[in-house]
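Letter by letter, the chains look like this.
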Amino acid sequence: MMDNIFLIGFMGAGKSTIAQELQSRLDMKLVEMDARIVQEQEMSINEIFSRFGENYFRDVECQLVQDIGQEGNTIVSCGGGVVLRKDNIINMKKSGKIVFLAATPQTIYDRVKDSRERPILNGHMNVAYISELMEKRRALYEAAADIRIDVDDKNVADICEEIVEKANL
Ligand code: S3P
């Protein structure tokens, strides 16, 4: 199966929103990775991080990417840190295309500033920290991506159209 679409990018880039909109336009299934993890683990993302640590979360995430690879015809809204494990990138590439939604730190901050469900940003909710973390991850997102979409100043419909066009959906 080579027909999955994986949306990657920083927290708040719009992966979940875009995935839902794409799913409603195309005859594809939808997987929201974090929601699936919360459901399977019967704990919030915050709780998983605080009780078992980030590494445990990454293990669960890694297993899920592997499982999704067995399915097809699915739009996957990935967690922002999915690119941190090389195996995830290998497995995503095996089963589909990777679309990177790129946004500036200010856009990200504006969208996530009131979020309490992002343990990575707890206690660091400011543009400088987001910028720093984004710089650390940028090369990973870019190297993984088959398609890159700059999302600042674009609406959901425009972004979806760009994806449909560039990914030949
Ligand atoms: C994370 C992003 C989150 C979630 C977890 C870790 C990250 O997903 O998987 O809190 O390391 O960037 P979203 O990108 O959907 O917020």
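Just so it is clear, the model here is predicted, and its values are computed rather than measured.

Student: How should the overall build of the protein be read in this particular structure?
Tutor: For the protein, the helix and strand inventory stands at 8 helices and 5 strands. Secondary structure elements of the protein occur, N-terminal to C-terminal, as β-α-β-α-α-α-β-α-β-α-α-β-α. Its C-alpha radius of gyration of 15 Å places the protein within 12% of the 15 Å reference for a compact globule of 169 residues. With the C-alpha coordinates aligned to their principal axes, the bounding extent of the protein is approximately 40 × 35 × 25 Å. In the protein, 75% of the contacts between residues at least 6 apart in sequence involve partners at least 24 apart. Carbon and sulfur atoms form 47% of the exposed surface of the protein, whose accessible area is close to 8,400 Å².

Student: Can you walk me through the sheet that holds strand 1 (residues 4-8) in this structure?
Tutor: The strands making up a sheet associate through hydrogen bonds between their backbones, and the pairing can be parallel or antiparallel. Pairing is parallel across the open sheet formed by 5 strands, whose spatial order is 2-3-1-4-5. The open sheet has two free edges, formed respectively by strand 2 (29-32) and strand 5 (147-150), since each of these has just one partner strand. Each adjacent strand pair in this sheet contributes to an overall mean axis angle of 20°, direction not counted. Strand direction decides the pairing type here: strand 4 (residues 96-102) and strand 5, joined by 4 bridges, are parallel. From the neighbouring strand, L101 faces strand 5, where its bridge partner is I149. Contacts from helix 2 (residues 33-41) reach strand 2 and strand 3 (74-77), with the element oriented near 70° to strand 2. Here helix 5 (residues 86-95) sits on the sheet and contacts strand 1 and strand 4; the angle it forms with strand 4, its principal contact strand, is near 120°.

About the cut-offs
- Residues numbered from 1 in each chain as written.
- Predicted model: local features only at pLDDT ≥ 70, side-chain atom pairs only at ≥ 80, totals over all residues.
- Heavy atoms only, no water.
- Helix = DSSP H or I, 4+ residues; strand = E, 2+ residues; numbered from the N terminus.
- Rg over C-alpha atoms; globule rule 2.2 N^0.38 Å.
- Contact = heavy atoms within 4.5 Å.
- Areas by Shrake-Rupley, 256 points an atom, 1.4 Å probe, with all protein chains shown as cover.
- Pairing = 2+ DSSP bridges.
- Axes fitted to C-alpha atoms, helices over the stretch in contact; angles between N-to-C directions.

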